[in-house]
Amino acid sequence: YDYLLSHITMHKASDILDNPYYRQVKVSGKTKEGHITLTMNDYLPGEFIQTYHDKQHSDNVFMHAEAGFFDDKVNFPVLLEKGEVWMSLVMSEIESMEEPLRLARGKVITYGLGLGYYAFMAAQKETVDSVTIVAMNPSIIKIFNDVLLPQFPHKEKIHIVQADAFDYADHQADGEYDIAIADFW
């Protein structure tokens, strides 16, 4: 019991709902493009969620897990591929982006688009001049351009390249970008 309690965190719904992306970007209904659907999903109060922490809290890596739950219902955007969750903007995604966002400056490149959370947050920073996103899936790019990007306050900083990330990286010049992040599975 004590072990489990030490690895579970209760979050207030405001921990995620007060995030600038959540306040600015709204998803209503369903947007479908090919096999990809943009819609909303939810966590109920007390429903376990995956959280992210960059520190190991146990000597036994097989007995280490972090989980949490919200004190109230939380709705969040999700991308589905053929009806299965492909990417969602949940607590673990937000927490895992804290360090890469802290480092973002100058010309930034990110390999992977998803819901555009990293691009949105990086573009908010005065120290970021541009955010180049390399994404391969044309359906995701179309949904992003049609539904999400128009809601971004600093959309002029964001540029999308449709390409395979590995191929693109092989051909980009050394020093072309100040910061790079790979955000894809």
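Residues numbered from 1 in each chain as written. Predicted model: local features only at pLDDT ≥ 70, side-chain atom pairs only at ≥ 80, totals over all residues. Heavy atoms only, no water.

A. Representation of the overall build of the protein. Counting secondary structure elements, the protein contains eight helices and eleven strands. Taken against the 2.2 N^0.38 rule, which gives 16 Å for 185 residues, the C-alpha radius of gyration of the protein at 17 Å falls within 12% of a compact globule. Here the protein holds 185 residues, and the buried ones make up 44% of them. Considering only contacts in the protein between residues 6 or more positions apart, those separated by 24 or more positions represent 69%. Accessible surface, the protein as shown: approximately 10,600 Å² in total, 53% of it carbon and sulfur. (Helix = DSSP H or I, 4+ residues; strand = E, 2+ residues; numbered from the N terminus. Rg over C-alpha atoms; globule rule 2.2 N^0.38 Å. Buried < 20%, exposed > 50% of the residue type's maximum accessible area, 1.4 Å probe, protein only. Contact = heavy atoms within 4.5 Å. Areas by Shrake-Rupley, 256 points an atom, 1.4 Å probe, with all protein chains shown as cover.)

B. Seen up close, the pairing of strand β10 (residues 158–162). Where strand β9 (residues 128–135) and β10 come together, five bridges link them in parallel fashion. Bridged to Ala-135 within β10 is Gln-162. Between the parallel elements β9 and β10, the chain passes through helix α7 (residues 138–148) in a crossover that is right-handed. (Pairing = 2+ DSSP bridges. Right-handed = clockwise from strand over helix to strand, strands pointing away.)

C. Seen up close, helix α6 (residues 117–124). Buried residues dominate α6, accounting for seven of its eight residues. Those residues of α6 that sit buried are Tyr-117, Tyr-118, Ala-119, Phe-120, Met-121, Ala-122 and Ala-123.

D. Local environment of the packing of aromatic side chains. If you walk through the whole model with that rule in mind, you get seven aromatic pairs. Through a chain of ring-to-ring contacts, the aromatic side chains of Tyr-21, Tyr-117, Phe-120, Phe-144 and Phe-152 assemble into a single cluster. Seen from the ring of Tyr-177, Lys-107 lies directly overhead, with NZ or CZ sitting 5.4 Å from the centre. (Phe/Tyr/Trp six-rings, centres within 6.5 Å; stacked < 30°, edge-to-face > 60°. Lys NZ or Arg CZ within 6 Å of the ring centre and 35° of its normal.)

E. Here's a closer look at the sheet that holds strand β11 (residues 179–182). If you walk across this open sheet you meet the four strands as β10-β9-β8-β11, and the pairing is parallel. At either end of the open sheet lies a strand with only one pairing partner, and these are β10 and β11. Neighbour-to-neighbour, the strand axes of the sheet open up by a mean angle of 20 degrees, direction not taken into account. Here strand β8 (residues 106–111) runs beside β9; their pairing, made up of six bridges, is parallel. Residue pairing across strands places Tyr-111 opposite Val-134, the latter belonging to β9. (Axes fitted to C-alpha atoms, helices over the stretch in contact; angles between N-to-C directions.)

F. Layout of α7. Listing the buried residues of α7 in full gives Ser-139, Ile-140, Ile-141, Ile-143, Phe-144 and Leu-148. One side-chain oxygen of the residue at the start of α7 lies 2.8 Å from the amide nitrogen of Ser-139, identifying that residue as Asn-137. (Polar contact = N/O pair within 3.5 Å; in protein donor to acceptor, adjacent residues only side chain to side chain.)

G. Representation of the pattern of salt bridges within the structure. Following the criterion strictly, the structure yields four salt bridges and no others. Put simply, Arg-102 and Glu-99 hold a salt bridge, and the shortest N to O gap is 2.7 Å. Of the two residues, Arg-102 and Glu-99 are both situated in helix α5 (residues 98–103); the distance of three residues between them amounts to about one turn of the helix. By relative accessible area, Glu-99 is classed as partly exposed at 42%. The salt bridge involving Arg-105 is made with Asp-178; its shortest N-O contact spans 4.0 Å. One end of the pair, Arg-105, is in the loop between α5 and β8; the other, Asp-178, is in the loop between α8 (165–171) and β11, with 73 residues separating them in the sequence. The class of Arg-105 is partly exposed, set by a relative accessible area of 43%. With relative accessibility at 39%, the residue Asp-178 sits in the partly exposed group. (Salt bridge = Lys/Arg side-chain N within 4 Å of Asp/Glu carboxyl O.)

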